[in-house]
Amino acid sequence: PTRLTMLLLLLLIAQTRLCVSQDVCHGQRNSSDFAGVSDTLAWVGDPYDFDVLRGSLIGFGFGHIEAEHTNSINNTISYSRASDPHDFVDLNFGNGDLKLKRNIDDVVVESNQTEFCVTFIAFTLGLNTQIGVGIHVKTDNNQNVPQFSKTQYNVLVSEHATNGTAILTVSASDPDPGDAGRVTYNIISGDNGDHFSIDPNSGNISVSSCLHYHLQAAYNLTILVRDHGMFSQKSSTAYVYVTVLDINDYSPQFALPVYAASILEGATLGTTVIDVTAYDLDTGLNGLLKYAITGGSGMNSFFINASSGAITTAVLLDFEITKFYNLTLSVSDAGRPSHSNKAVVNVAVIDRNDNAPKFSQTNYYGKVTELTPAGTVVLTVTATDIDSLTNGMINFSIDPITDPDGTFRITSDGDIRVNTSSLTYHADSHFYFLSVTAADRGYPPLLTTSTVIIEVFALNKYAPQFVNGSAAAVQIFESSGIGFEVAKLFANDRDMGKAGEITYSILSDNSSGRFAVNSTSGALLVQDNLQQQTDQSFQLVILAKDGGSAQANSSKSSTITVTVIVQLNCETHLNNRVWSNACRNQGKCIRGVCLAQNTTDATGNYSWPSSQVGVIATIMCPFGRRLRVEDCAEAFRLCTGNQSWLQPNTTRCQYASPITRRLHTISIISVNQSNAAFVAAQLSETAEYFSPNTTTPDDINLVADIVDNIVQTNLTKRETAKIFEIVVNVTSRLMNSHRDVIRESELASNSSRRLIHNVELIAENFPISSNSTSLAIETENIVVYATEVNHRNFDGLTFLKYQSDYQRAEALPPESPVLSAIELPSRLLSENLQEDLTVRISLIFYNSNSMFRDETLERRAKSLPSNEIIAASVKGKNIERLSPPVQFLFHRFTTSDDNYFPHCYFWDSTKNDEYGGWNSEGCELAEVTDTTITCHCNHLTSFSVLVTPCGSGSNCPCRNVDDHRLVIISYVGCALSLASITATIVCLSLAKCCRRGERLSETVKIHINLCVSLILSIIAFLSIRDSSLCYATALGLHYFLLSSVMWMMVEGIAVFRDIVLVFQSKWLLCGKRKFYQIAVFGGWGFPLVVTATLITAQSVLDDSEFYGLVKIRRNDWNPKKVDLSYCWITNNFVLLGTFSIPVLFVIMFNIIVVVKVMIVLKKRDDSRARITNAGRVNRLRALLLFSSLFGLTWLFGAATLFDYDKILFSHSTTQCSVLKVFHYLFAICNSLQGFSILLFYVILSKKTRRQIAQRIVSPRTTVRNINRHFYNKKTGLRSRFELNEQTCRTPPLTLEAVLTETPAVSEKNETTDNKTDNDLVSEDILTGVNLEMYSNDST
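Note that this is a predicted model, so its numbers are computed, not measured.

A. Broad picture of the pattern of salt bridges. Applying the stated rule across the entire model yields eleven salt bridges. Each of R81, D84, D87 and K101 takes part in one network of salt bridges that share partners.

B. Layout of the sheet that holds strand β34 (residues 408–410). Sheet architecture is open: three strands sit in the order β31-β35-β34, paired in antiparallel fashion. Looking at which strands have only one partner, the edges of the open sheet turn out to be β31 (377–380) and β34. Sheet twist, expressed as the average angle between the axes of neighbouring strands with direction ignored, equals 20°. Pairing of β34 with strand β35 (residues 415–418), which is carried by three bridges, proceeds in the antiparallel orientation.

C. Region of interest: the pairing of strand β46 (residues 557–567). Residues of β46 alternate between two faces, with S558, I560, V562, V564 and V566 buried on one and S557, T559, T561, T563, I565 and Q567 left unburied on the opposite face. Examined bridge by bridge, strand β39 (residues 471–477) and β46 share seven bridges and lie parallel to one another. Within the sheet, the bridge partner assigned to A471 lies in β46 and is T561. Relative to β46, strand β45 (residues 536–546) runs antiparallel, the two being bridged by ten bridges. The partner of Q539 across the bridge, within β46, is T563.

D. Molecular detail of the confidence of the model for the protein. Scored by pLDDT, the protein comes out at a mean of 77, with 76% of its residues at no less than 70. Helix α23 (residues 1317–1326) is the least confidently modelled element of the protein, averaging 35 in pLDDT, while strand β26 (residues 310–313) averages 95, the highest of any element. Scored below 50 in pLDDT, residues 1165–1171 makes nine contacts in the model with residues more than four places away or belonging to other chains. Confidence over residues 1259–1339 falls short of pLDDT 50; this stretch has 115 contacts with residues more than four positions distant or in other chains.

E. Focus on the nonpolar core. Grouped together as the largest cluster of nonpolar side chains are 56 residues, with contacts concentrated most on I981, I1006, L1037, W1047 and W1128. Counting residues per element, the ones that place at least two in this core are α12 (963–992), α13 (1002–1022), α14 (1030–1059), α15 (1072–1100), β67 (1107–1112), β68 (1124–1129), α16 (1132–1163) and α19 (1213–1243). Ranked by the residues each element gives to this core, the list is headed by α14, at twelve residues. I1006 has contacts with W1047, V1050, E1051, A1054, F1075 and Y1076, leaving out every residue within four places of it along the chain. One finds A680, F766, I777 and F852 within the second-largest nonpolar core, a separate group that totals 53 residues.

F. Region of the structure containing the side chain of D385. Turning to its location among the elements, D385 is positioned in the loop between β32 (383–384) and β33 (394–398). Buried and unpaired, D385 has no salt bridge, with K358 as the nearest side chain of opposite charge at 9.1 Å. Engagement of the side chain of D385 in a polar contact is seen with the backbone nitrogen of D387, the distance being 3.0 Å. Setting aside anything within four residues of it in sequence, one finds D385 in contact with N353, N355, A356, P357, N391, G392, I394 and D440.

G. Main features of unusual backbone geometry. Here the residue pair R336 and P337 is connected by a cis peptide bond, since its omega of 0° sits within 30 degrees of zero. By the secondary structure assignment, P337 is in the loop between β27 (324–333) and β28 (340–350). Look at the link from S883 to P884: it is a cis peptide, with omega at 0°. Note on placement: P884 falls in the loop between β60 (869–874) and β61 (886–891). In this structure, N112 is a non-glycine residue whose phi angle is positive, near 60°.

H. Local environment of the pairing of strand β21 (residues 258–264). Covered by surrounding structure in β21 are Y259, A261 and I263 only, the residues V258, A260, S262 and L264 on the alternate face being uncovered. Pairing between β21 and β28: seven bridges, direction parallel. Within the sheet, the bridge partner assigned to L264 lies in β28 and is I350.

Calculation criteria
Residues numbered from 1 in each chain as written. Predicted model: local features only at pLDDT ≥ 70, side-chain atom pairs only at ≥ 80, totals over all residues. Heavy atoms only, no water. Salt bridge = Lys/Arg side-chain N within 4 Å of Asp/Glu carboxyl O. Pairing = 2+ DSSP bridges. Helix = DSSP H or I, 4+ residues; strand = E, 2+ residues; numbered from the N terminus. Axes fitted to C-alpha atoms, helices over the stretch in contact; angles between N-to-C directions. Buried < 20%, exposed > 50% of the residue type's maximum accessible area, 1.4 Å probe, protein only. pLDDT = per-residue confidence, 0-100. Contact = heavy atoms within 4.5 Å. Core = buried A, V, L, I, M, F, W, Y, C linked by side-chain atoms within 4.5 Å. Lys, Arg positive; Asp, Glu negative; His and termini not counted. Polar contact = N/O pair within 3.5 Å; in protein donor to acceptor, adjacent residues only side chain to side chain.

Given below as structure tokens:
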């Protein structure tokens, strides 16, 4: 009860409070400060109760109070708090907004209550009102935000989806209880056309209106989900991406149903005609379009791009063949099913002036009689042009160059009329060759020329008359064979020209065709078998008819009757058998038949039937008649009298090969400026079919003819470059042909020479662009390079050719992978050009030698040219005698270099009967390295390296020359010679001279001069390998060798004078001193004159060098070994004239002297010969040996220096053996010169040996012994031969006295063993080499 009582009490109190609170908070009180004013303030929205959630913070706005006037008085109302026990409400005095002044949780904790009442006052002028506002603090149970299962959804929907079609269901969840956890869905954005709807409770999205892909292909929907919290609602969003699927519901459409286009004929393949377009509203594969040509007349002539619709040409269009084309086009999409559409394109071909007029004939022939009236039509030319409109209209004209006098004119219809009334026949020039041009009216105009030949006939005034009269008779044997001339008939006609030309024919004949007459010569011939049983006679009437004039039926004629009596020949009917053919002229019958035979040539295969002797067999041409041949299409062949066929004549027949036929067609075109490019293009197209295995000699000959026609034409500058490139390329392709084919064509028509000449002309005349100074044409086998230079600034040109490139360079590389190269010296132009400022230098590199073959050289020397050939030229100039020379470098073309010998040659077009050949004049091999061969040539032309195989052995024949051994022999021999000659000079000086004041005799002086010249020549010879002073060494060697030769000649003259001429008193008037002076001039002066002359000639001839370095060709091509070289005479002709010939002359002269002296000694009395012959023979022996040994030595030396490669073309085994022999003979003979002089002048000379011994033992004793000998009574010479010890002289004495007073010596005392020393001295004095007793010259 107590508890119940207390509960009731609490409820009563709470109820009382609630009432009080409601009364306080919800009551309002108005007041006015002005009596009688009816206006009051009223609260709007009374009562005011506001809920504030726990957790609200300071500044949280939770409500708004507002008062207003009741009588429309619009005074400003302000607000204020009347009571706020807990001071937590903040009032905006101006507008009545309520905010928390304190955190609500603090207020609740402080007051321990959740219900509050706050009083507010609204007041204005004179008025106020008060109201209580209830504030309730609430706790919110909506704590969670609803969450979607995914934040982003993707869905595909067809554009044909119907309304209500569900496409997607979105779902979200909220864990809050009650309404706070209940959610609803809504589309808040992305659906501008209201195409979608969403169930707010289930989240099911469906189509609400029609979709259209082409209007909008995708939607981005924003879905909002919201819960239903009491105090606050929470939400979140998700995104739905809707993709509308396109359906192939549209067909593609062309922009136009019918297109019209035009294109110029001859347009290059791939030229765009028109771009057609189509569209399809579908997308993706449904909108991917494909174009195609499905029909129409131009279906195969045009091509359409399947993707872009661009229509291009697929063939070359020709207006003259087809003028219009129509195309049916289709366009389809890639959808499933596919849709398509069609359109039509009409293409008009625009005529281009691409066809030149064509004459109905290539050549026309007309004839007219002299004095024909002006205006007379001679003939009519016709031409057609298949172009249209003005392009096909033709104007005719006559080239005034071919008719400078205007004798004829041509009308627009092609009538050629006489344009003068004084047309006269001239015997030497009665033909007019008119060049008629047919030109169309296109732009630019095209033209064609034809040759019109008009022959002017003289008036036919006289008839021909037979010189034999009107009748004749002749007798022949029946054995006369076919072709036998029965009689020669001749008629004379006094008319001129055609009117005087006579044609013979048989007018009547009763011989059944056994005879025929030559229509030109009038010879009556047998043309059938005359065999018969009895003699017969035949009558033939021969007609002689002149050519008449130009008018028809104007010819005149006469006849002669010829009776032919055929007599029987007994041999023709031997054994009653008639032979099958006529007899030969000798009267003997033959049974002549040529057997059937098959032949083949360029025109086809022929099967010749068996034919009788003298019969011409004919066969139809397999491929018809050749163009421009008016005779029948037959090949013919004659069966000769020895039963053998002649070569077939097939010149009328067309070629069998299509390529050859096409070339023949091109070759007969008359090339001019207007059609040169066309001819070249046709030639280029045909050349594409050339093959080394199928090209024939006729092909090469025809190409050479076509190239001649093109190059010789005065081409326009615009087309020249392209045409020339075609010519070079075609020539290059022909070089791949077989060698035998090229050789056969060359023999037939000089085709190779003409083609190479035309390539050189192209190199000299190829147009160089204005912005360049050089050009290059590169083909497979030919590289043409041309450059224009200023000759005043020209400092040389070097050009290198590699395997696949070419370039200019500063100099020739020492080691480089070049195939070939050329270096032109800087003096190339300075010495050859003075007037031209700019000149063209042309270089041509050939990679094939097929058109440069010298059969003669290859057969004789087995030399083969390198594949690399270089041609060089200066336009309009002949460059020769260059110094320094032109250098050519070639790649070494074989790895077996030991088996080949290289030579430097140039192509000489004048050799081998103008067929051309290799010539080595002016060219020499300069250097051989591991990779290159270098040549020097002193002129410009085509150059190459030729190689000669050394034989089947492993080494070249000339390798066996051991240079090291020769050098040893030479140096040892020269040292021995120098020592021997020096010893000879010392011994001669010691033996021939006494003490004080004694002079050398003239003979000894000659000996010493010879020795000195030999010493100097040997010293110079040992220096010839020194290249530093090469010129001086060569000059000195030449001078001293000539001096030695001349002193040998002086030796011979001295012997001849002292032994042969001494007995002739008139020769004694010339003293020894005078003779010695002449000898000095001849021995030293003559060589000086010769060498000075050569020096002068060399200075005058700037391009000649007579002295210098001579390289000795060695066939050992090891680059580590240096080629031998000597300082000597460089010119072979100078060597021959100034050395070899003088040496031979001296040898022959001295031999003649020896023979003459021996004859004189033979005739001398025995009494005198006993004393003199021994010494003289000794001296003659020495003279002969010196002359032969010395002369042959240097002849052998000169023989080793000749270039046998140029003389003998190759180094055969025999030639190399001869060269080896010359080397050894020279070395050996050179070694024996000095020793031979010492041997004969000293060792073998008893007198010299004795005198040397006497000079060494006691010179004074020797003089006394000589004087005692002269006092001997047996000699009887005391008073004559007394020697003066002081002066070493003898008294004056005559030779007659000596010879007459010398007693005879018996035969038994002739030997040297029986003579005393005094006798030997006496004999030596009498028989001294130069008669010593005459040293005083007084006699």
